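What follows is the residue order along each chain.
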Amino acid sequence: MSNNGKDFEPRIVGFLCNWCTYAAADTAGVSRMTQAPNVDVIRVMCSGRVDPAFVLKAFAEGADGVIVSGCHPPGDCHYNNGNYKTFRRMPLLEAMLQQYGIEEGRFHWGWISGAEAPKWAKLVNEFTEQVRDLGPLNWKRQLSSKEE
């Protein structure tokens, strides 16, 4: 469902590692880098602590897109192996989201270090446009129509 970006502003939730991606997002903000204002940031201590249920809840509560981002693997995690957990969980979560009817382009996971503020700003802008092109998710309506 394309909305051609006319009147739709996507709601995006970002689960960001405190030590890396959150630091990059903060630097991008204080450096006044141009970025879409659509991402509501939730700072987590480690991307490995992001339970897939958090992502599902974000979509169920009205998010049109979700980002999970943390320290670069392997071995750059401040908690030693937290990003390994993310690396194992997120592909499984992507498959689950497709089973629930959530398009592939609505979920992004990856790695951004604290020194990569321009990379964060670019991700925010590109992901916002990608989700805008997909249009509103309206997942609750999709689920209720499948149950009937």
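**A closer look at the sheet that holds strand 2 (residues 39–44)**
On the basis of which strands lie adjacent, the open sheet formed by four strands has the order 2-1-3-4 and parallel pairing. Either end of the sheet is taken by a strand with one partner, and the two such strands are strand 2 and strand 4 (107–111). Between one strand axis and the next, the sheet turns by 15° as a mean value, whatever way the strands run. Pairing analysis gives five bridges linking strand 3 (residues 65–70) to strand 4, with the strands arranged parallel. In the sheet register, Val66 faces strand 4, and the bridge partner there is Phe107. Sitting on the sheet, helix 1 (residues 21–30) is in contact with strand 1 (12–17), strand 2 and strand 3, with an inclination near 115° to strand 1. Lying on the sheet, helix 4 (residues 117–134) is in contact with strand 1, strand 2, strand 3 and strand 4; it crosses strand 3 at an angle near 160°.

**Quick notes on the state of the cysteines**
Going through the model one piece at a time under the given rule, you end up with zero disulfides. Cys17 takes part in no disulfide bond, and the closest cysteine sulfur to it belongs to Cys71, at a distance of 3.6 Å.

**Focus on the pairing of strand 2**
The sheet contact formed by strand 1 and strand 2 spans six bridges and is parallel. Counterpart to Gly14 in the pairing with strand 2 is Val41. After leaving strand 1, the chain enters helix 1 and then returns to the sheet as strand 2, a path that is right-handed.

**Points about the nonpolar core**
Grouped together as the largest cluster of nonpolar side chains are 20 residues, with contacts concentrated most on Phe15, Val55, Phe59, Val66, Val68, Leu97 and Phe107. Looking at this core, the elements that each hand over two or more residues are strand 1, helix 2 (52–60), strand 3, helix 3 (82–99) and strand 4. Looking at this core, the element that brings in the most residues is helix 2, giving four residues. In contact with Val66, not counting residues within four places along its chain, are Ile12, Val13, Phe15, Val55, Ala58, Phe59, Arg106, Phe107, His108 and Phe127. Ranked by size, the runner-up nonpolar core spans 14 residues in total, among them Ile12, Val39, Ile67 and Val131.

Criteria and cut-off values
Residues numbered from 1 in each chain as written. Predicted model: local features only at pLDDT ≥ 70, side-chain atom pairs only at ≥ 80, totals over all residues. Heavy atoms only, no water. Pairing = 2+ DSSP bridges. Helix = DSSP H or I, 4+ residues; strand = E, 2+ residues; numbered from the N terminus. Axes fitted to C-alpha atoms, helices over the stretch in contact; angles between N-to-C directions. Contact = heavy atoms within 4.5 Å. Disulfide = S-S within 2.5 Å. Right-handed = clockwise from strand over helix to strand, strands pointing away. Core = buried A, V, L, I, M, F, W, Y, C linked by side-chain atoms within 4.5 Å. Buried < 20%, exposed > 50% of the residue type's maximum accessible area, 1.4 Å probe, protein only.

Any functional reading would require information that these geometric values do not contain.
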